[in-house]
Amino acid sequence: VTSCYHIFRQYAGTASVATRIERNIADAYAALDIHQMNASSTGNILQLRNDTSTVFVAQQDGNIGIGTTAPTSLLHAIDTMDLATGNETAYNLSYTTDKATSGNDTGLLISMTDTNSPGTSKLLDLQTGASTVFNVDEVGNVYIKGDLTTEGTEIVTNTITVDIGNNKMILNTD
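This write-up is about the structure you can find in this document. (Residues numbered from 1 in each chain as written. Predicted model: local features only at pLDDT ≥ 70, side-chain atom pairs only at ≥ 80, totals over all residues. Heavy atoms only, no water.)

## Things to note about unusual backbone geometry
- Phi angles above zero are rare outside glycine, and Asp 51 is one such case at about 60°.
- Tracing the backbone through its elements, the reader meets Asp 51 in the loop between β3 (46-50) and β4 (53-58).
- You can call Asp 51 exposed: its relative accessible area is 68%. (Helix = DSSP H or I, 4+ residues; strand = E, 2+ residues; numbered from the N terminus. Buried < 20%, exposed > 50% of the residue type's maximum accessible area, 1.4 Å probe, protein only.)

In structure tokens:
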């Protein structure tokens, strides 16, 4: 069988540009499969480094870290904007759709199943520092800290509960 894998260093003139793995075969197998064979290993399965900094890790338990070497959830990303000047965006999620069939599009879907957690489960919790400014709990109650400003929109609900003492408004649309 002729080899369909090539690992080589690409050169531009006399300088090394990249190390590249090429696979030129049409089948259903992955181009790269990293398999940690020793179940006793405690090291990461994959680490990507930029000079001396680790920028991406895949841990034994499946947690992925971007900007952290110790992810505590399936996807754990940290971005620090030190000495930022101007408008900065830590994370940007965008997509473009050009559908040829009917149906809906969803830019971000957050799905939560709470089987029996004690306390309050939050589907979404936006914080500044360690203080919640907006959250949605597991039954759809919305918490907003501060002013609610609308422009050209309506708020339609079946039940409105306003708690002035705690500076919050809870909308329940049961």
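## Describing the layout of surface pockets
- Taken as a whole, the largest pocket spans an internal volume of roughly 240 Å³.
- Lining the largest pocket, in full, are Leu 108, Ile 110, Leu 124, Asp 125, Leu 126 and Gln 127.
- When its residues are assigned to classes, the lining of the largest pocket shows four nonpolar, one polar and one charged. (1 Å grid on protein atoms, 1.4 Å probe; cavity = no way out; pocket = protein on both sides within 12 Å on 5 of 7 lines; lining within 4 Å. Points joined across faces, edges and corners; volume = space filled by probe spheres on them. Nonpolar A, V, L, I, M, F, W, Y, C, P; charged D, E, K, R; others polar.)

## So, the sheet that holds strand β6 (residues 75-77)
- Pairing in this open sheet of four strands is mixed, and the strands run β3-β4-β5-β6 from one edge to the other. Each of the sheet's edge strands pairs with one partner strand only, and the pair in question is β3 and β6. Each strand of the sheet is rotated relative to its neighbour by a mean of 20°, with strand direction disregarded.
- Of the pairings in the sheet, the one linking β3 to β4 comprises five bridges and is antiparallel in character. Within β4, the residue paired with Leu 46 across the bridge is Ala 58. (Pairing = 2+ DSSP bridges. Axes fitted to C-alpha atoms, helices over the stretch in contact; angles between N-to-C directions.)

## Side note on the pairing of strand β8 (residues 131-137)
- Looking at chain direction, strand β7 (residues 122-128) and β8 are connected through six bridges and run antiparallel. Bridged to Lys 122 within β8 is Asp 137.
- Here β7 folds back onto β8, and the loop between the two strands holds two residues, one of which, Gly 129, carries a positive phi near 65°.
- Relative to strand β9 (residues 142-144), β8 runs antiparallel, the two sharing three bridges. Residue Asn 135 lies in a different strand from β9, and its bridge partner there is Tyr 143.
- Adjacent in sequence and paired antiparallel, β8 and β9 are bridged by four residues, among which Gly 140 carries a positive phi angle near 100°.

So, to be careful, I would describe these as geometric facts and stop short of saying anything about function.
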